[in-house]
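# Analysis of the macromolecular model
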Amino acid sequence: MSNSQPIILTIPQQYSGMRLDQALQGLLPEHSRSRLQAWIKAEHVLLNGALASAKSKVWLGDQVAVQVQANPQQNAFAAEAIALNIVYEDEAILVINKPAGMVVHPAAGNWSGTLLNGLLHHAPELQQIPRAGIVHRLDKDTSGLLVVAKTLPAQTDLVRQLQARTVKREYRTIVWGQIWRNGMVDQPIGRHPTQRTRMAVNRMGKPAVTHYEVLERFGVHTYLRCMLQTGRTHQIRVHMQFLKAPIVGDALYGYRGIVPMRLMSAELAQQVQQFPRQALHAIKLGLLHPVTQQPMEWQIELADDMKQLLDLMRQEQSLQAAAFELDMHDDEAQWYEADEDDWLDDDDDEVADEGEDEHAD
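As a starting point, this report considers the structure included with it.

Parameters at a glance
Residues numbered from 1 in each chain as written. Predicted model: local features only at pLDDT ≥ 70, side-chain atom pairs only at ≥ 80, totals over all residues. Heavy atoms only, no water. Phe/Tyr/Trp six-rings, centres within 6.5 Å; stacked < 30°, edge-to-face > 60°. Helix = DSSP H or I, 4+ residues; strand = E, 2+ residues; numbered from the N terminus. Buried < 20%, exposed > 50% of the residue type's maximum accessible area, 1.4 Å probe, protein only. Contact = heavy atoms within 4.5 Å. Expected span 1.5 Å × (residues − 1). Pairing = 2+ DSSP bridges.

Moving on: the packing of aromatic side chains. For the structure shown, the criterion picks out 1 aromatic pair. Between Tyr-88 and Trp-298, the ring centres sit 5.5 Å apart and the planes meet at 45°, which makes this aromatic pair tilted. Placement of the pair is Tyr-88 in strand 5 (residues 86–89) and Trp-298 in strand 16 (residues 295–299), with a sequence separation of 210 residues. A residue is classified by how much of its surface remains accessible, and Tyr-88, at 24% relative accessible area, is partly exposed.

Turning our attention to the environment of Leu-51. Mapped onto the fold, Leu-51 is located in strand 3 (residues 50–51). On a C-alpha basis, the gap between Leu-51 and Lys-41 in space is 9.2 Å, while along the polypeptide they are 10 residues apart. Residues contacting Leu-51, with those up to four places away along its chain left out, are Glu-43, Val-45 and Leu-46.

A few words now on helix 4 (residues 152–163). Over its 12 residues, helix 4 runs 17 Å from end to end, which matches the ideal 16 Å to within 8%, given 1.5 Å per residue. Residues of helix 4 that are buried make contact with strand 6 (93–98), strand 7 (143–149), strand 8 (168–176) and strand 15 (280–288). In the segment just after helix 4, Arg-165 is the residue with positive phi, at about 60°.

A separate point is the environment of Lys-206. Tracing the backbone through its elements, the reader meets Lys-206 in the loop between strand 11 (199–201) and strand 12 (209–217). A relative accessible area of 44% places Lys-206 in the partly exposed class. Put simply, Lys-206 and Arg-232 are 26 residues apart on the chain and 7.9 Å apart in space, counted from C-alpha to C-alpha.

Its place among the elements puts Ser-56 in the loop between strand 3 and strand 4 (63–66). Ignoring any residue separated from it by four or fewer positions in sequence, one finds Ser-56 in contact with Met-18, Arg-19, Leu-20 and Leu-47.

Overall, antiparallel pairing links the 4 strands, which are arranged 1-4-2-3 in an open sheet. Two strands in the sheet have a free side with no partner beyond their single neighbour: strand 1 (7–10) and strand 3. Relative to strand 4, strand 1 is paired through 4 bridges, and the arrangement is antiparallel. Pairing of Leu-9 across the sheet is with Val-64, part of strand 4.

Shown next, in the form of structure tokens:
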């Protein structure tokens, strides 16, 4: 959104010979250079009536027309008519089933279309509550349950429950590799030392504990139940990477080395490669109601995309078992032994996602 009339500027002597973006930064100091560069790139700036680049030189007397664009951050807390999948609601709390792809709270690159914007439309009174009542987050591409407070006392109580680790959160995930027994990861998590958009197991980080249980095991994948004892940023994703069993579809913490594509059918390999997000779903949530202090618990179905991927893995597992049974009765069966050529390199570029708070998964 922009003002109706552009600002007309004349280049004075002191900016003659400078780059266009540098001159504009001096003439419009209330706007950052990066924002001015974005306006130039988006063709909201004309130099002597023509489009120009940020590197274009300006000279004494040149005319610059700037169509000022509204700062998207100004609309970060605007109500938007966004459909919400509400699992439970009363006067104190809301429990939401968040879809994959939805950002919980506005941040750089996502100033609109967030869960917060939808909450403010659904319950305008949340405008009076810090962060519109949000007390914990899920990553953009993690689906499932989260609770929102509708009053300040409820928010205070829920935050205390999170700090006391009495909120129970259960997740389902599909990871690479075969995990053979149930276990626990007790490893501190902090910022990655060189890549600030990532978290990592870091001895200088904060304590983080994830319990996991094997639900199903496939040829090169495992379906897990994960329970959070703590709530650090990207906790399950970082801990699964630490186990060398990263989550399927995780572009940030996924495989950077070998992926056993040739040990899967072409159909399964394609589905796994094209899975559009980390296969992580917050399936169960339990807490004490902030008003009645009675225990409450909600459980939802597994996300459809993860259901479909599991069904394909089960189907392939059944076919492999049937083929193995036939081989056992074939006197001339030739046993196949995998070699190094059955493992392909996966060189997908890393994709950064938004940072989360201390109660994100």
